[in-house]
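Examining the three-dimensional arrangement
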Amino acid sequence: MVSVSVFGVGLMGTPIALTLTQSGFKVMGYNRTAAKLVELDSNGLAVTTDVSQAIAASDYLLLTLSDAKAIESVLLTDAREFTNKTIIQMGTIAPNESREIAKQIEQKGGSYLEAPVLGSIPQAKTGTLLVMAGGDASTFESCLPILKKLGEEPRLIGDVGSAAALKLALNQLIASLTAGFSLSLGLIKKEGVDLEQFMEILRDSALYAPTFDKKLQRMCDRQFADPNFPTKHLLKDTDLFLQASKAAGLNSEGLVGIREIIAQAVENNLAELDYSAIYNVITPE
Ligand SMILES: NC(=O)c1ccc[n+]([C@@H]2O[C@H](COP(=O)([O-])OP(=O)(O)OC[C@H]3O[C@@H](n4cnc5c(N)ncnc54)[C@H](OP(=O)(O)O)[C@@H]3O)[C@@H](O)[C@H]2O)c1
């Protein structure tokens, strides 16, 4: 039986570990904070707070840790080695961070595939994430049986770094579309324009994006609890995009302004809430 250790069983790691277990893989969940292991433990999965044990348990090490710093502190210390191990890195990190981690994993004898995902907890539960992979074709092929249980059509984008860049390009749109919609909705509300008429015209136009309807109710009710994707991660990803776009010589001044809005939301205690809470900063009550 193919064995997979999932590192970082937070919002995404938990449903991913459960989906892989239901798909017939032998899964172990690792987390630094033991309290987050309870759900997997009560579902009969092996769990540990010991990194070495989680590495030893499986051939495939699937990472759903917050960021590159967390990956470095968990996996890239001197003591670790990864002979015959394949690392599948699913968190959202920068292309240069992913390339650096790949280099270190390979120096320690392992194989590395970056496999960031679009979609969130519901898609992780149903195996319908959009999985983008970066790495060599043979590592991708070897990971495919695992990836196919998480997303229907995993795609190999190119070398390590290419899928990380594609993922950041998509998440930049989450920030920009949400900020843009929040601003327009704010004007509609402040001017007392009929909301349904605004939405009907928007839905009929080329400007419409499905995320607008997904977030409309939360914004109208100012209810941002129980997030799938919290504001703090949108700030992280926007910062990663800004770093990458600066290195690429792009003018990202527009996003710099949106980044400040997201940072204000984090300062205003909205960090752990759904990212559409940036509406509260853009359209104050
Ligand atoms: N949520 C989404 O919808 C979504 C969608 C696509 C991609 N992603 C990306 O996937 C990754 C995970 O996201 P998530 O939403 O699952 O985040 P999360 O709920 O915040 O989980 C993050 C995990 O990383 C662990 N961690 C953080 N710093 C650590 C450190 N220094 N040492 C050891 N463990 C550490 C946390 O452990 P503790 O429990 O001990 O803090 C937790 O298990 C992120 O890169 C995110 O951007 C998220």
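Residues numbered from 1 in each chain as written. Predicted model: local features only at pLDDT ≥ 70, side-chain atom pairs only at ≥ 80, totals over all residues.

What the protein contains, in helices and strands, is 13 helices and nine strands. Taken over the C-alpha trace, the protein has a radius of gyration of 20 Å; the compact-globule value for 285 residues is 19 Å, and the two agree within 12%. Each of the three principal axes of the protein carries a C-alpha extent, and together these read 65 × 45 × 35 Å. Burial status across the protein gives 44% buried among its 285 residues. Taking all contacts inside the protein whose residues are at least 6 apart in sequence as the whole, residues at least 24 apart take part in 67%. (Helix = DSSP H or I, 4+ residues; strand = E, 2+ residues; numbered from the N terminus. Rg over C-alpha atoms; globule rule 2.2 N^0.38 Å. Buried ≥ 20, exposed ≤ 12 C-beta atoms within 10 Å, placed from the backbone. Contact = placed C-beta atoms within 7 Å.)

Here the focus is the site of the ligand. Around the ligand sit 25 residues, and of these Gly10, Met12, Thr33, Gly91 and Ser120 come closest. Secondary-structure elements contributing two or more residues to the shell around the ligand are helix 4 (68-75) and helix 11 (231-247). Broken down by element, the shell around the ligand gets its largest block of residues, three residues, from helix 4. Three or more residues apiece are contributed to the shell around the ligand by two domains, here domain 1 (3-160) and domain 2 (164-282). (Near = placed C-beta within 6 Å. Domains from an automatic or database assignment.)

Consecutive residues of a regular strand have side chains that alternate between opposite faces of the sheet. Every second residue of strand 5 (residues 86-89) is oriented toward a common face, with Thr86 and Ile88 on one face and Ile87 and Gln89 on the other, all of them buried. When strand 4 (residues 60-63) meets strand 5, the two strands line up parallel, connected through four bridges. Residue pairing in the sheet places Leu63 in a bridge with Gln89 of strand 5. Read as a crossover between parallel neighbours, the route from strand 4 over helix 4 to strand 5 is right-handed. In this sheet, strand 6 (residues 111-114) lies alongside strand 5 in parallel orientation, the contact comprising four bridges. (Pairing = 2+ DSSP bridges. Right-handed = clockwise from strand over helix to strand, strands pointing away.)

Taken across its five residues, strand 2 (residues 26-30) has four buried, putting it largely inside the fold. In this sheet, strand 2 lies alongside strand 1 (residues 3-7) in parallel orientation, the contact comprising five bridges. Note that in strand 2 the partner of Val4 across the bridge is Val27. In this view, the connection linking strand 1 to its parallel neighbour strand 2 by way of helix 1 (residues 13-22) has right-handed handedness. Direction of pairing for strand 2 relative to strand 3 (residues 46-48): parallel, over a ladder of three bridges. In the sheet register, Gly29 faces strand 3, and the bridge partner there is Val47.

Listed in full, the buried residues belonging to helix 4 are Ala68, Ile71 and Leu75. Looking straight down helix 4, one finds its buried side chains confined to an arc of 60 degrees; they lie on one side. More than 90 degrees from the buried face of helix 4, the exposed residues found are Lys69 and Ser73. Each element contacted by the buried residues of helix 4 is listed here: strand 4 and helix 5 (95-107). (Arc of directions from axis to C-beta.)

We now examine the nonpolar core. Core analysis: the largest hydrophobic core is formed by 59 residues, its most contacted members being Val6, Ala17, Leu62, Leu63, Ile88 and Ala133. Not counting residues within four places of it along the chain, the set of residues in contact with Leu63 comprises Phe7, Gly8, Ile71, Ile87, Ile88, Gln89, Met90 and Gly91. Judged by nonpolar contacts, the second largest core, of 21 residues, contains Phe181, Leu234, Ile262 and Tyr279. (Core = buried A, V, L, I, M, F, W, Y, C linked by C-beta atoms within 7 Å.)

Unlike most non-glycine residues, Asp226 shows phi in positive territory, near 50 degrees. Relative to the helices and strands, Asp226 resides in the loop between helix 10 (210-221) and helix 11. Phi at Asn269 is positive, roughly 65 degrees, even though this residue is not glycine. Summarising the element assignment, Asn269 is placed in helix 12 (residues 253-270).

Any two packed helices are characterised by how steeply their axes cross, that is the angle between the axes, and by the distance between the axes. At a closest axis distance of 9 Å, the pairing of helix 11 and helix 12 adopts a crossing angle of 150 degrees. Viewed along their axes, helix 11 and helix 12 adopt a mutual orientation that is roughly antiparallel. For the pair helix 11 and helix 12, the crossing hand works out as left-handed. Residues Thr231, Lys232, Leu234, Leu235, Thr238, Asp239, Phe241 and Leu242 of helix 11 form the contact with helix 12, whose participating residues are Leu255, Val256, Ile258, Arg259, Ile262, Ala263, Ala265, Val266 and Leu270. When its residues are assigned to classes, the contact of helix 11 with helix 12 shows twelve nonpolar, two polar and three charged. (Axes fitted to C-alpha atoms, helices over the stretch in contact; angles between N-to-C directions. Parallel < 35°, antiparallel > 145°, perpendicular 65-115°, else oblique. Left-handed = near helix turned anticlockwise from the far one by under 90°. Nonpolar A, V, L, I, M, F, W, Y, C, P; charged D, E, K, R; others polar.)

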